[in-house]
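# Chain and residue survey
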Amino acid sequence: MKTVATAFLLLAAAVYFFARWQETAGAGPWVGYVRAAAEAGMVGALADWFAVTALFRRPLGLPIPHTAIIPTRKDTIGRSLGDFVGTNFLAENVVRDKLRSAGISRRVGLWLDDADHAERVTSELATAVRGAVQVLRDDDVQAIIEHGVVRKLVDQQWGPPLGRILGQVFTDGSHHKLVDLVCDRAYDWVRDNHETVLRVVSQRAPSWSPKFVDAMLADKIYAEVLSFAWAVRTDSEHPMRQAVDRFLVEFAHDLQHDEKTMAKAEQIKHQVLEHPEVQNLVSSAWGTAKKMLLDAAEDPSSELRVRVRDGLRSLGARLHTEPELREKVDGWLEGAVTYVVSNYRDELTTLITDTVERWDAQETSRKIELQVGRDLQFIRINGTVVGALAGLAIYAISDLLF
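Residues numbered from 1 in each chain as written. Predicted model: local features only at pLDDT ≥ 70, side-chain atom pairs only at ≥ 80, totals over all residues. Heavy atoms only, no water.

With that settled, consider the nonpolar core. Ranked by size, the top nonpolar core spans 7 residues in total: Leu-9, Ala-12, Ala-13, Tyr-16, Ala-38, Met-42 and Ala-45. Secondary-structure elements contributing two or more residues to this core are helix H1 (2-24) and helix H2 (30-56). Looking at this core, the element that brings in the most residues is H1, giving 4 residues. The contact partners of Ala-45, leaving out residues within four places of it in the chain, are Leu-9, Arg-380, Gly-383 and Thr-384. (Core = buried A, V, L, I, M, F, W, Y, C linked by side-chain atoms within 4.5 Å. Buried < 20%, exposed > 50% of the residue type's maximum accessible area, 1.4 Å probe, protein only. Helix = DSSP H or I, 4+ residues; strand = E, 2+ residues; numbered from the N terminus. Contact = heavy atoms within 4.5 Å.)

Set out below in structure tokens:
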């Protein structure tokens, strides 16, 4: 395009010199029109060449003021561009209008509702999980578990919160099924262990007691115990059950308010946490969890991936069919994005200004010229043509008037 534009200038110069030669040779009045048009075309071409060249470099290497604009004012242009983008593209009202018109939640819902798309997202999430788990150092994670989770368990009193939970359970009567189970098992044990009762009575009986007396006494004791166990099992209002309820309620209260009971709970807590099996469980917790995560992420048919995939499709369907949910999600998205652009607009536009500042001045000028130079050469061509037409018009009017 530079060659074409220069060719127009050379053509105008050739026509001008031809016209001047014809004038000196005594040609007719027509030659004046040709000379004026060619002369004005040369002036227009040279003026536009100077203007276009001055953007990127100094014309003919001369230190003319206000030339080589892009290399010398690169940083200023970058800051102005950053301010322009921040004001006109990262304004809160502009961002909100764009997000509303985009209908992002509806489009995401339609996309996620497709089985292939949901599987793709699940695969990407699995890859991210594998990467995150493998990047983490086992020793660091284990230290966090031991010093974070376990320490909090040690520092936190177990008595009061456990008492509150048990108190609520006992007040609601949710423990009755457990009591029923214990009563059933107690009755079954007594029923199935007649020989054990006989043996215990025999061992406790005096040595001088006759065996048949021991047997009669054991049978009597067994029958009474079995009858008692049956009564407790079948009667929900049995005094034994009521005594158990009172004991449990008092125990829940003591866990919250009795110092001795709370101290006993703390002692049991330390015994539990210091038990070798519990220590081994804590030490291997991250290794076990890591293996489970990696296995689940690797297997496309794992329960974790199936649930994630189904959850994504369900979310997509809801976003597609439930306007209330779409409005809520769009509102969250608008709030998050507008918060970012309102509070971090300068940091975002700094990406432009800092990038431009790092560019080499001459390299920047060359890159911009390669991008827009073709259109700028049309300015030179147009300057040649328009200048020629303007010169022709001016000469014709002046010749007509004078």
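Considering all chains together, one arrives at 20 salt bridges under this definition. Note that Arg-20 and Glu-23 form a salt bridge whose closest N and O atoms lie 2.7 Å from each other. Highlighted residues: Arg-20 and Glu-23, both in helix H1, separated by 3 residues, approximately one helical turn. Residue class for Glu-23 comes out partly exposed when judged on its relative accessible area of 24%. Salt-bridge contacts for Asp-184 lead to Arg-233; the nearest nitrogen and oxygen are separated by 3.0 Å. Here Asp-184 is found in helix H10 (residues 176-192), whereas its partner Arg-233 is found in helix H12 (residues 211-234), with 49 residues between them in sequence. Each of Arg-20, Glu-23, Arg-35 and Glu-39 takes part in salt bridges that share partners, so that together they form one network. (Salt bridge = Lys/Arg side-chain N within 4 Å of Asp/Glu carboxyl O.)

In the predicted model, the protein carries a mean pLDDT of 83, and 91% of its residues have values of at least 70. The weakest mean pLDDT in the protein belongs to helix H8 (residues 138-155) at 66; the strongest belongs to H1 at 92. (pLDDT = per-residue confidence, 0-100.)

Turning our attention to the environment of Val-94. Mapped onto the elements of the fold, Val-94 is located in helix H5 (residues 92-102). In this structure, the C-alpha to C-alpha distance between Val-94 and Leu-110, residues 16 residues apart in sequence, is 25 Å.

Right, let's get into the packing of helix H4 (residues 74-88) against helix H18 (residues 323-358). Relative orientation and spacing of two packed helices are given, respectively, by the angle between their axes and the distance between those axes. Where H4 meets H18, the axes come as close as 8 Å, and the angle between the chain directions of the two elements is 155°. By the angle between their axes, H4 is roughly antiparallel relative to H18. Along this stretch, H4 crosses H18, giving a crossing that reads as right-handed. Contacts between H4 and H18 involve Lys-74, Asp-75, Gly-78, Arg-79, Leu-81, Gly-82, Val-85 and Gly-86 from the first element and Arg-345, Thr-349, Ile-352, Thr-353, Val-356 and Glu-357 from the second. When grouped by side-chain class, the residues that make up the contact of H4 with H18 number 4 nonpolar, 5 polar and 5 charged. (Axes fitted to C-alpha atoms, helices over the stretch in contact; angles between N-to-C directions. Parallel < 35°, antiparallel > 145°, perpendicular 65-115°, else oblique. Left-handed = near helix turned anticlockwise from the far one by under 90°. Nonpolar A, V, L, I, M, F, W, Y, C, P; charged D, E, K, R; others polar.)

This next bit is on the domain arrangement of the protein. For the protein, the assigned domains are domain 1 (1-67 + 360-401) and domain 2 (155-279). Between the C-alpha centres of domain 1 and domain 2 the distance comes to 109 Å. (Domains from an automatic or database assignment.)

Here H4 contains 15 residues, and its C-alpha end-to-end distance of 21 Å stays within 8% of the 21 Å for a straight helix at 1.5 Å per residue. For H4, the set of buried residues is Lys-74, Gly-78, Gly-82 and Gly-86. Viewed end-on, H4 has its buried residues packed into an arc of 105°, placing them on one side of the element. Turned more than 90 degrees away from the buried face of H4 sit Asp-83 and Thr-87, all of them exposed. (Expected span 1.5 Å × (residues − 1). Arc of directions from axis to C-beta.)

A few words on the side chain of Thr-349. Position of Thr-349 relative to the elements: it lies in helix H18. The contacts of Thr-349, once residues within four sequence positions are left out, are Gly-82, Gly-86 and Leu-90.

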